[in-house]
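Letter by letter, the chains look like this.
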Number of protein chains: 2
Amino acid sequence: MNRVGKQTFVFNNLPRIIGNYCLVGPKEGKGNFKEYFDKISEDDLFGQNSYEKAESRLIEQTISNAIENANLKPDEVEVMLSGDLMNQITSSSFAARTLDVPYIGLFGACSTMAETLIVGASLVDGGFVHNAVCATGSHFSSAEKQFRYPLELGTQRPPTSQWTVTGAGCTVLAPNKTGIAVSSATVGKVVDWGVTDANNMGAAMAPAAFETLVAHLKDTNREPDYYNLILTGDLGKLGSEILIDLMETKGYKLGKNYSDCGQMIFSNNQKTFMGGSGCGCGASILNGYVLKRMKLGHLKNVLFVATGALMSTVSAQQGESIPCIAHGVVLKGDKDNV
Amino acid sequence: MNRVGKQTFVFNNLPRIIGNYCLVGPKEGKGNFKEYFDKISEDDLFGQNSYEKAESRLIEQTISNAIENANLKPDEVEVMLSGDLMNQITSSSFAARTLDVPYIGLFGACSTMAETLIVGASLVDGGFVHNAVCATGSHFSSAEKQFRYPLELGTQRPPTSQWTVTGAGCTVLAPNKTGIAVSSATVGKVVDWGVTDANNMGAAMAPAAFETLVAHLKDTNREPDYYNLILTGDLGKLGSEILIDLMETKGYKLGKNYSDCGQMIFSNNQKTFMGGSGCGCGASILNGYVLKRMKLGHLKNVLFVATGALMSTVSAQQGESIPCIAHGVVLKGDKDNV
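Residues numbered from 1 in each chain as written. Chains lettered and ligands numbered in written order. Predicted model: local features only at pLDDT ≥ 70, side-chain atom pairs only at ≥ 80, totals over all residues.

## A look at the overall build of chain A
The secondary structure content of chain A amounts to nine helices and 15 strands. Against the 2.2 N^0.38 benchmark of 20 Å for 338 residues, chain A shows a C-alpha radius of gyration of 18 Å, consistent with a compact globule. Along the first, second and third principal axes, the C-alpha set of chain A runs to 55 × 50 × 35 Å. Out of the 338 residues belonging to chain A, those deemed buried represent 62%. (Helix = DSSP H or I, 4+ residues; strand = E, 2+ residues; numbered from the N terminus. Rg over C-alpha atoms; globule rule 2.2 N^0.38 Å. Buried ≥ 20, exposed ≤ 12 C-beta atoms within 10 Å, placed from the backbone.)

## Observations concerning the packing of helix H1 (residues 51–69) of chain B against helix H2 (residues 90–99) of chain B
Residue and element names in this part refer to chain B. H2 packs onto H1 with a crossing angle of 50° between their chain directions and a minimal axis gap of 8 Å. Considering their axes alone, H1 and H2 lie oblique with respect to each other. Regarding H1 and H2, the two cross each other, and that crossing is right-handed. Touching Glu52, Glu55, Ser56, Ile59, Glu60 and Ile63 of H1 are Thr90, Ser91, Ser92, Phe94, Ala95, Thr98 and Leu99, all from H2. A class-by-class count of the residues in the contact of H1 with H2 yields five nonpolar, five polar and three charged. (Axes fitted to C-alpha atoms, helices over the stretch in contact; angles between N-to-C directions. Parallel < 35°, antiparallel > 145°, perpendicular 65-115°, else oblique. Left-handed = near helix turned anticlockwise from the far one by under 90°. Contact = placed C-beta atoms within 7 Å. Nonpolar A, V, L, I, M, F, W, Y, C, P; charged D, E, K, R; others polar.)

## Looking at the interface of chain A and chain B
The interface of chain A with chain B comprises 51 residues on the first partner and 51 residues on the second. Within the residue set of the side of chain A that touches chain B, elements represented by two or more residues are helix H1 (51–69), helix H2 (90–99), strand E6 (103–105), helix H3 (112–125) and helix H9 (313–317) of chain A. Among the residues making up the side of chain A that touches chain B, the classes are represented as 25 nonpolar, 17 polar and nine charged.

## Some points on the packing of H1(A) against helix H4 (residues 140–147) of chain A
All names here are of chain A. Closest axis-to-axis distance for the H1/H4 pair is 8 Å, and the angle between their directions is 130°. Relative to H4, the element H1 lies oblique. The handedness of the crossing between H1 and H4 comes out as left-handed. Every residue of H4 that contacts H1 at Tyr51, Glu52 and Glu55 is listed here: Ser141, Ser142 and Lys145.

## Comments concerning the relation of the copies chain A and chain B
When chain A is brought onto chain B, the operation consists of a screw motion whose angular component is 180° and whose axial shift is 0.0 Å, with 0.0 Å RMSD remaining. Both copies are brought into coincidence by an operation consistent with a two-fold rotation axis. Mapped onto chain B, 100% of the interface residues of chain A are again interface residues, and the two copies thus contact each other with one and the same surface. (Least-squares fit on C-alpha atoms with pLDDT ≥ 70 in both.)

## Points about the pairing of strand E9 (residues 167–174) of chain A
Every other side chain in a regular strand lies on the same face of the sheet, so the side chains alternate between the two faces. Residues and elements named next belong to chain A. Burial within E9 is extensive, with seven of its eight residues counted as buried. One ladder, built from eight bridges, connects strand E3 (residues 16–24) with E9; its direction is antiparallel. Following the sheet pairing, Leu23 is matched in E9 by Ala168. When strand E7 (residues 132–138) meets E9, the two strands line up antiparallel, connected through seven bridges. Across the sheet, Ser138 pairs through a bridge with Gly167, a residue of E9. (Pairing = 2+ DSSP bridges.)

## Points about the nonpolar core
A general feature of soluble globular proteins is that nonpolar side chains tend to end up buried together. Judged by nonpolar contacts, the single largest core of 233 residues is most densely connected at A:Val133 and B:Val133. Aside from chain neighbours lying at most four places away, what touches A:Val133 is A:Ile63, A:Ala66, A:Ile67, A:Val77, A:Val79, A:Met80, A:Leu81, A:Cys170 and A:Val172. (Core = buried A, V, L, I, M, F, W, Y, C linked by C-beta atoms within 7 Å.)

## A look at the domain arrangement of chain A
All names here are of chain A. Each assigned domain of chain A is listed with its residue range as follows: domain 1 (3–174) and domain 2 (181–332). Put simply, the middle of domain 1 and the middle of domain 2, counted by C-alpha atoms, are 17 Å apart. Across the boundary between the two partners, domain 1 contributes 60 residues, which contact 59 residues of domain 2. Of all the elements in the fold, those that place two or more residues in the side of domain 1 that touches domain 2 are strand E2 (8–10), E3, H3, E7, H4, strand E8 (163–164) and E9. Considering every element that reaches the side of domain 1 that touches domain 2, the biggest residue donor is H3, with seven residues. (Domains from an automatic or database assignment.)

## A look at H2(A)
H2(A) sits mainly inside the fold: nine of its 10 residues count as buried. Those residues of H2(A) lying buried are A:Thr90, A:Ser91, A:Ser92, A:Ser93, A:Phe94, A:Ala95, A:Ala96, A:Arg97 and A:Leu99. Among the structural elements, H1, strand E5 (80–83), E6 and E7 of chain A together with helix H9 (313–317) of chain B are those in contact with the buried residues of H2(A). One or two residues past the end of H2(A) sits A:Asp100, with phi positive at roughly 60°.

## Here's the deal with the environment of A:Thr116
Residues and elements named next belong to chain A. Position of Thr116 among the secondary structure elements: in helix H3. Note: C-alpha distance between Thr116 and Gly83 (33 residues apart in sequence) is 8.0 Å. Not counting residues within four places of it along the chain, the set of residues in contact with Thr116 comprises Leu81, Ser82, Gly83, Leu106, Cys134, Ala135 and Thr136.

## Side note on the environment of B:Ile67
All names here are of chain B. For Ile67, the position within the fold is in helix H1. Using a count of 24 C-beta atoms within 10 Å as the deciding quantity, one classes Ile67 as buried. With 46 residues separating them along the chain, Ile67 and Tyr21 place their C-alpha atoms 8.6 Å apart. In this structure Ile67 touches Gly19, Leu72, Pro74, Val77, Val133 and Val172, once residues within four positions along its chain are discounted.

## What about unusual backbone geometry?
Residues and elements named next belong to chain B. For Phe46, which is not glycine, the phi dihedral falls at a positive 50°. As for its position among the elements, Phe46 is in the loop between strand E4 (39–40) and H1. Here Lys271, not a glycine, exhibits a phi torsion of approximately 55°, which is positive. Within the secondary structure, Lys271 sits in the loop between helix H7 (261–265) and strand E13 (276–277).

Structure (structure tokens):
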């Protein structure tokens, strides 16, 4: 079996990253990671007339560029795995319509980047495809409209809120001999500790990150310091502090090798309170900063734990708390200058 | 490679069906297939106080019973694959919260049953899990509220409309030696021929079924008469006639071995116009009628082509046509009384 412990897949054939790309909006392009993004768009509508269409175009452009970066032609793509925050993941499905490739739609909210990598690595490792395009993205304005309030209302944002990243990332996997590998992955369970505040996603999602991280370390019999970088999806400032505290209750110390995409992506003067969120947050940091540093050999063993809040506006209005999930993906570099 | 042609996965280790279950609502229990469903609920609210919660409870109960039918305990489940029609697939995610098992959420609209079987069979065949729970479901009242009009409006239904099935189905796959196998699968592309009428899903989805069916037959070098049964998801009466016509343009004749879940499920006096639809339509017919007949050896080679319409209300309001998809799954019986 290609599996250890209760929740962890092992990819013995080492599916490799043969191409990747990330594209972000103007605000993200002024943040802490501006030099790592492949492209920063000046136009947050991406040439479209609605934010939903903009989000779809953002994902489609990101995937197209990643396919090119992988030296593939669009008709050579054997499977596209994608999802997003929109109702019925229309951004991904409309991108798949334009790209005209075999398509499996996934939904894991902001954990989607990890989810697509898990399914993609499984399909490549199992020999079902010669390549798998794994992608996701989000848009601040479409997410606010769908999950909170239309921007036109000018609603005041509470101090625990996070800012949905306008951005997308795409990773192309293939059974190559060299390159960064996806070596294992831990599939999360749905965790819900009763948080109901849709403006405090970090607190809602931290327990899911905690449970998946503990499951991963137990399954693989590793300590946190095995990794040069443990990177959670988008817990933000508050959520990542909660995670550090929770890990201590189990005797695990998250030290300098721990970061959070949501906490990192914006600079302090960008008024995003707890930081970034959204599928595009983890996707752009992973495909921008992390993979670039891994290619240079500055990082060798990386654990990417993307977190997602699985509620809808209807479930919230019906008084439900926020069910969350986190999936872990282990990336292994083939250079070592750490 | 475990793959033939452009779009088809081959499961050489033959993941087997070790358990299955289907549960439907009262109207479906008065239809053509009443003796094949495992359970018919008298209460279309499934003991809940909203139709969204009812749908989640329906999926959760179906999965619980399938797990029991597979002789597994809930904590032995290694992955649950599920999706549904609700925004952010909350019915599946809330069911996953209660079931407390590793979870990968999928979205393929009414194609979801096939989508979960494809990913599940890949994970079992690739040796990443010892079992995979593949499930989906839908509810008439929650779907009408979300995609069309609230029931309280009493809106007149046009003659091309279909009736979303209140029902769910679950199939449990494992690397067994005996039992019905999932032997191959064809992953669909998004197909959109420009239909914009959300009350004519059959016409919108027929081209997707057509393209996937042709791709499957070409990839596997088979003719339609290889199968005892080719079963499309829920094209309904009009959509399945369109599919028969489209197949003829490519020289393929769909004969008596062709049926459609949407066309079959309700009886003529149930006033459902073009028939049934929704994730639960294909899921309940597959896990009810088809698997029961395969276990008896009345069917040996079955091709299940589930179709899905990937639009949202927002995409429809923004003037977009309906992008559709179809995924094909080949089931192989281990008894032969055909």
